[in-house]
Amino acid sequence: MPHLDAAYNLAYWMTRSRADAQDVVQDACLRAFKYFDTFASENPSAWLLSIVRRACYTWMKRNRRPEELVGLEDDAAESEIEDPALLMGSHGLARDPEALLVEARQSKRLHQLIAALPLEYREIIVLRELEELAYREIAEVVGIPIGTVMSRLARARALLLRQWQREQQE
Amino acid sequence: MDCKEAQQLRHAYLDGEIDPGETPALEAHLRGCAECAALFRSERALSAAIKLEVPRLKAPDLLRARIGRELARREAGGRRFRELRLLGVGWNPVAIAASLVLAMVASSAVTSSVMSGAQEDGVAQEVVASHIRSLMADHLTDVKSSDQHTVKPWFNGKLDLSPPVVDLAAAGFPLVGGRLDYIDRHPVAALVYRRQQHVINVLVSPEDKGGGAAPAALAQHGYNVLRFARGGMNFWVVSDLNPAELRDFAAKLKEATPDRTAPS
């Protein structure tokens, strides 16, 4: 079931925890199935992802520090990336030993750089680069115009690139 | 085109989302502007590196199982069949075929005649729902093995029947595994076979349960369903496989199944 993989992947990257992603996806899927009656989208995959995405936000509002949800400005974003405690620390990444192991083995840096992006950029990167959704699908999932998808994607890539190049120079 | 214009178009270009009419102007700009060209190369490298190196997580089996079970519990009455069918479309577009074919299984030989129209039957609907559910939540098997001697003992103690598990690989129907399912509010054994890319679910229940006055064969929403009784058990065979091959499968299954209930 490709949809469930996409849902789980998005939830994992948004919550940064496998256990939390499972809970959120299970809730969201069961709720989604319940309302299939009234479902009218032509793109069930995007529809499900939009529900999972909303469920992630709701879940984080309930369970996480509020500042995580705030759309961060550029400078704040950078200081967040540079904060090692945030990379491996208090919320999410370090909770799950299995996840840590996987992260240690593969592509540690890029993985962590994405995980450290502010949420609104992180979700765009995941939908575009990992789920490989088209811009109009991303617009549907996130509920923003295509123009905003493009500007956020440009911003997200610029943030990642700056950090990535810094890493490579070190 | 100036650099500001090029900035956003670079991403659309990279992602294959650019309006073809704008491509020549952007390409000309990238040829002429070293700075934009360097940024574009970096962005392309970043995008490729993410796709290559950052894992796209797959949903754990446990999550699939949890969702599958919860759905099974909710759908147990068969009343929510419509949603399942819709999900079937959404989750497995190949699975919903167009034709409605009714086939009939005679008591001894498996023969068929084509009728028109759909015949409603609660249990048959549940059988189809079970089939769709198994594909949808990707909860096809609890025990995954092509070995009948692995699958059969797995059911021991889980059901009040011991389903016969036969090997039909030689006939082109390899065994995939088995799982527990619920039909007509009773736990049943589900045996999973495959014919090329088509999944065949065989639901086995005691003869007094879940049979009713159901027609021996019918089609539901593009799925073909066959039923026969053998050795004191009811066999429901459901698949999106074409009726002829499914009848062939059912005939072979019936033939290979002992006619008496094995002492268990």
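Criteria and cut-off values
All chains use their own residue numbering, which begins from 1 and follows the written sequence. By the order in which they are written, chains take letters starting at A while ligands take numbers starting at 1. Local features in a predicted model are, by the rule used here, given only for residues with pLDDT of at least 70; side-chain atom pairs are given and counted only at 80 or more, and totals for whole chains, interfaces and linings are based on all residues. Helix and strand assignments follow DSSP, with helices taken as H or I runs no shorter than four residues and strands as E runs no shorter than two, numbered in order from the N terminus. Partly exposed residues are those falling between the two cut-offs: more than 12 but fewer than 20 other C-beta atoms within 10 Å of their own, whereas 20 or more means buried and 12 or fewer means exposed, with C-beta atoms placed from the backbone. Contact definition: two residues whose C-beta atoms, as placed from backbone geometry, lie within 7 Å. Given a helix with a known number of residues, its expected span is that number minus one, times 1.5 Å. Joining buried Ala, Val, Leu, Ile, Met, Phe, Trp, Tyr and Cys residues through C-beta atoms within 7 Å gives a set, and that set is a nonpolar core. Lines are fitted to the C-alpha atoms to define the axes, a helix being fitted only along its stretch in contact, and any angle between axes, read from their N-to-C directions, falls within 0 to 180 degrees. Relative orientations are named as follows: roughly parallel for angles under 35 degrees, roughly antiparallel for angles over 145 degrees, roughly perpendicular for angles from 65 to 115 degrees, and oblique for any other angle. Handedness of each helix crossing follows the sense of rotation of the near helix against the far helix: counterclockwise by less than a right angle gives left-handed, clockwise gives right-handed. Gly is put with the polar residues, along with every residue not named as nonpolar or charged; the nonpolar set is Ala, Val, Leu, Ile, Met, Phe, Trp, Tyr, Cys and Pro, and the charged set is Asp, Glu, Lys and Arg. Two strands qualify as a pair provided that DSSP identifies no fewer than 2 bridges between them. pLDDT is defined as a per-residue confidence score from the predictor, taking values between 0 and 100.

A. Highlighting the overall build of chain A. The helix and strand inventory of chain A stands at 10 helices and 0 strands. Ordering the α and β elements of chain A from the N terminus gives α-α-α-α-α-α-α-α-α-α. A buried classification covers 41% of the 170 residues belonging to chain A. Residue pairs in contact within chain A that sit at least 24 positions apart in sequence constitute 67% of those at least 6 positions apart.

B. Just the overall build of chain B, in detail. If you tally the helices and strands in chain B, you get 8 helices and 7 strands. Partitioning the intrachain contacts of chain B with sequence separation of at least 6 by distance along the chain shows that 65% fall at a separation of at least 24.

C. Fine view of helix α8 (residues 119-130) of chain A. All names here are of chain A. Relative to the 16 Å expected for 12 residues at 1.5 Å per residue, α8 spans 15 Å between its end C-alpha atoms, a close match to the ideal helical length. Most of α8 is tucked away: 9 of the 12 residues are buried. Where α8 is concerned, the buried positions are Tyr121, Arg122, Glu123, Ile124, Ile125, Val126, Leu127, Arg128 and Glu129. Glutamate 132 occupies a position one or two residues after α8 and carries a positive phi of about 55°.

D. Expanded view of the environment of arginine 179 of chain B. All names here are of chain B. Here arginine 179 shows up in strand β2 (residues 175-183). Under the C-beta neighbour-count criterion, arginine 179 is labelled buried, with 24 such atoms within 10 Å. Between the alpha carbons of arginine 179 and valine 143 there is a distance of 6.2 Å; along the sequence they are 36 residues apart.

E. The arrangement of the nonpolar core in detail. Formed by 52 residues in total, the largest nonpolar core has its most connected members in Ala7, Tyr8, Leu10, Ala11, Val25 and Val52 of chain A. Of the residues forming this core, the biggest block, 9 residues, is contributed by helix α1 (residues 2-15) of chain A. The contacts of valine 52 of chain A, once residues within four sequence positions are left out, are Ala7, Leu10, Ala11, Val24, Val25 and Ala28 of chain A. Counting residues in hydrophobic clusters, the runner-up holds 43 residues, among them Ala124, Phe249, Ala250 and Leu253 of chain B.

F. Spatial organisation of the packing of α8 of chain A against helix α9 (residues 135-142) of chain A. Residues and elements named next belong to chain A. Relative to each other, α8 and α9 sit at 140°, their axes nearing to 10 Å. Regarding the angle of α8 to α9, the classification is oblique. Remark: the crossing between α8 and α9 carries right-handed chirality. Contacts from Glu123, Ile124, Leu127 and Arg128 in α8 reach Ile138, Val141 and Val142 in α9. Among the residues forming the contact of α8 with α9, the class breakdown is 5 nonpolar, no polar and 2 charged.

G. Structural context of the pairing of strand β4 (residues 198-206) of chain B. Residue and element names in this part refer to chain B. Strand direction decides the pairing type here: strand β3 (residues 186-195) and β4, joined by 7 bridges, are antiparallel. From the neighbouring strand, alanine 190 faces β4, where its bridge partner is leucine 203. Between β3 and β4, which follow one another and run antiparallel, lie 2 residues, and glutamine 196 among them has a positive phi close to 50°. As defined by bridge partners, β4 adjoins strand β7 (residues 233-239) across 7 bridges and the pair is classed as antiparallel. Across the sheet, residue asparagine 201 finds its bridge partner in β7, namely valine 238.

H. Quick look at the confidence of the model for chain A. All names here are of chain A. In the predicted model, chain A carries a mean pLDDT of 75, and the fraction of residues at 70 or more is 64%. Mean pLDDT values over the elements of chain A span from 36, in helix α4 (residues 74-82), up to 95, in α8. Counting interchain partners and residues more than four positions distant, the pLDDT-below-50 stretch residues 70-106 has 39 contacts.

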